[in-house]
Amino acid sequence: MPDLSGQLVLPDRILPGRLSFTDRLHAITPESHAPEQYILPGFIDCHVHGGDGADTMDGVAAIHTLSRFHARHGTTTLLPTTITNPWQDVLAALAAIAEVMRQPVTHGPDIAGAHLEGPFVSPHRLGAQPPFTLDPTPERVTQALAPGCVRVVTLAPELPHADTAMDRFAKAGVRVSLGHTTAGYDQAEQAICRICAAGGVAGGTHLFNAMPGIESRRPGPCAALMCSDAYAEMIFDTHHVHPGTYRLAQRVMPDRLVFVTDAMRATGLPDGPSQLGGQDVMVENGTARLPNGSLAGSVLTLDTALRNAVAAGTPLPQAAALLSQNPARYLGLADRGALAPGHRADLVVMTPDLHVREVWVAGARIA
């Protein structure tokens, strides 16, 4: 039976100790002297478009490539994410994700489903989404659900048919994430209540980005998400969200904030021109932008997001929860997200300065 020793990052403390495991964690044993390396639960990314030159929309081989890339940065569970494109291209991407789920990625993370980001978004809050938005009609919802892989859907609640779509997705067990929206506080609050009433779980897609911000008399969807029981993604590369804004959200919703990368195909490659959803993008100094200057996804990896959170003053156990325990709860993955007996042996071994040293998925070392 394999074992690892180090500084174990538990939900409430850091414990010098040893983990014994097969594909599951069997025992946590305290040790008086453990190596100066951190052992964390594997990272979970529920919003990632690409990496290492590959994009979810490119199909099966590309999903394998991007998945293995993010695994090297500590991601042990991943949701390949679509982008707003012609509807048949989106459906083809969902079919590819479903195929990858049936034939797991060798030396890669667990593919726990798809994040359908687009086309059910507002044409007035596209951000970096191409202009192929569609209304979530009953027929399209049926088509989206047919491959059986969608775990999260981004949806603007102001769209025609949004109410019935939210009901359908929620009852199918899909997390409904409000995003790319012009909705105000009241409409967002009503949508969250509707999702919950249908037995679903509500979320927010990249909090503070591609949605109205918080103002004194117009609190917007950000405040509705933060004041509810909803979860919310955050791209904490310090470009999309200021560290002070991150600290506010982490204080208000420490158990519901979920770090994501929103990474694009250029992630892991040198600065220069790239593409996102068929659009030209320029990557420079860690920032990806469209020709009009809009932020275009990110080139973030979750290990960098973790270091950013710690640099912003968050203790390591609380920072680790943002990319393990919280997304596991959000996605309903009860078998992972923390170092606990019975959980999957999804592990990240990190140096004292929080760089990835080893990655284990279900007890097998993959990096």
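Preceding this section is the structure that the text describes.
Residues numbered from 1 in each chain as written. Predicted model: local features only at pLDDT ≥ 70, side-chain atom pairs only at ≥ 80, totals over all residues. Heavy atoms only, no water.

Trainee: Please provide a residue-by-residue account of the overall build of the protein chain, values included.
Mentor: Counting secondary structure elements, the protein chain contains 10 helices and 21 strands. Against the 2.2 N^0.38 benchmark of 21 Å for 367 residues, the protein chain shows a C-alpha radius of gyration of 19 Å, consistent with a compact globule. Its C-alpha atoms give the protein chain principal-axis dimensions of about 60 × 45 × 40 Å. Here the protein chain holds 367 residues, and the buried ones make up 59% of them. In the protein chain, the proportion of contacts linking residues at least 24 apart, taken out of those at least 6 apart, comes to 68%. For the protein chain, the computed accessible surface area is about 13700 Å², with 51% contributed by carbon and sulfur atoms. Within the protein chain, the 34 negative side-chain charges are centred at a point lying 4 Å from the centre of the 26 positive side-chain charges. (Helix = DSSP H or I, 4+ residues; strand = E, 2+ residues; numbered from the N terminus. Rg over C-alpha atoms; globule rule 2.2 N^0.38 Å. Buried < 20%, exposed > 50% of the residue type's maximum accessible area, 1.4 Å probe, protein only. Contact = heavy atoms within 4.5 Å. Areas by Shrake-Rupley, 256 points an atom, 1.4 Å probe, with all protein chains shown as cover. Lys, Arg positive; Asp, Glu negative; His and termini not counted. Charge placed at Lys NZ, Arg CZ, Asp CG, Glu CD.)

Trainee: Lay out the sheet that holds strand 9 (residues 110-111) with the relevant residues and their values.
Mentor: Taken together, the 3 strands give an open sheet; going across it, the order is 5-8-9, and neighbouring strands pair in parallel fashion. With one partner strand each, in any of the chains shown, strand 5 (43-48) and strand 9 form the two edges of the open sheet. Summarising the sheet, strand 5 and strand 8 (residues 75-80) pair through 4 bridges and their orientation is parallel. Counted as the bridge partner of Val48 is Pro80 from strand 8. Packed onto the sheet, helix 1 (residues 60-71) meets strand 5, strand 8 and strand 9 and runs at close to 145° relative to strand 8. Strand contacts of helix 8 (residues 302-311): strand 5 and strand 8, with the helix running at about 110° to strand 5, the strand carrying the most contacts. (Pairing = 2+ DSSP bridges. Axes fitted to C-alpha atoms, helices over the stretch in contact; angles between N-to-C directions.)

Trainee: Tell me about the packing of aromatic side chains, and please be specific about residues and values.
Mentor: The geometry of an aromatic ring pair is captured by the separation of the ring centres together with the interplanar angle, meaning the angle of the planes. For the structure shown, the criterion picks out 7 aromatic pairs. Considering the side-chain rings of Phe236 and Phe259, the 5.8 Å spacing of their centres and the 35° angle between planes classify their relative orientation as tilted. On the criterion of sequence distance, the pair formed by Phe236 in the loop between strand 14 (232-234) and helix 7 (243-252) and Phe259 in strand 15 (residues 257-259) is long-range, its members being 23 residues apart. Overall, Phe236 belongs to the buried group, its relative accessible area being 0%. Classification of Phe259 as buried rests on a relative accessible area of 0%. (Phe/Tyr/Trp six-rings, centres within 6.5 Å; stacked < 30°, edge-to-face > 60°.)

Trainee: Break down the packing of helix 4 (residues 162-171) against helix 5 (residues 185-197) for me, with residues and values.
Mentor: It is at 8 Å that the axes of helix 4 and helix 5 come closest, and there the two elements cross at 35°. The element helix 4 and its partner helix 5 pack so that their crossing is right-handed. Residues Asp163, Met166, Asp167 and Ala170 of helix 4 lie in contact with helix 5, whose contacting residues are Ala191, Arg194 and Ile195. Considered class by class, the residues forming the contact of helix 4 with helix 5 number 4 nonpolar, no polar and 3 charged. (Left-handed = near helix turned anticlockwise from the far one by under 90°. Nonpolar A, V, L, I, M, F, W, Y, C, P; charged D, E, K, R; others polar.)

Trainee: Break down the environment of Met1 for me, with residues and values.
Mentor: In this structure, Met1 sits in the segment before strand 1 (3-9). By relative accessible area, which is 63% here, Met1 ends up exposed. Sequence-wise, Met1 and Thr22 are 21 residues apart; in three dimensions their C-alpha atoms are separated by 5.9 Å. Those residues in contact with Met1 that sit more than four places away from it in its chain are Ser20, Phe21, Thr22 and His26.

Trainee: Describe the packing of helix 1 against helix 2 (residues 87-102), listing the residues and the values that go with them.
Mentor: In the contact formed by helix 1 and helix 2, the axes pass within 9 Å of each other and the chain directions differ by 60°. As for how helix 1 packs across helix 2, the hand of that crossing is right-handed. Note on element contacts: helix 2 touches helix 1 through Ala96, Ile97, Glu99 and Val100, opposite Val60, Ile63 and His64.

Trainee: Can you tell me about the nonpolar core, naming the residues and giving the values?
Mentor: If you look at the biggest cluster of nonpolar residues, it comprises 100 residues, and the most contacted ones within it are Phe169, Leu207, Met234, Tyr246, Phe259 and Leu306. The element best represented in this core is helix 2, accounting for 9 residues. Apart from the residues lying within four places of it in its own chain, the contact partners of Leu207 are Cys222, Leu225, Met226, Ala232, Glu233, Met234, Val241, Ala249, Met253 and Leu257. With 13 residues, the next largest nonpolar core counts Leu8, Leu339, Ala345 and Leu347 among its residues. (Core = buried A, V, L, I, M, F, W, Y, C linked by side-chain atoms within 4.5 Å.)

Trainee: Account for the environment of Ser324, with residues named and values stated.
Mentor: The residue Ser324 is located in the loop between helix 9 (316-321) and helix 10 (325-331) in this model. Ser324 sits 131 residues away from Cys193 along the chain, and the two C-alpha atoms are 26 Å apart. Apart from residues lying up to four places away in sequence, Ser324 is in contact with Pro41, Gly42, Ile44 and Gly337. Here Gly337 takes part through its backbone oxygen, which lies 3.4 Å from a polar atom of the side chain of Ser324. (Polar contact = N/O pair within 3.5 Å; in protein donor to acceptor, adjacent residues only side chain to side chain.)

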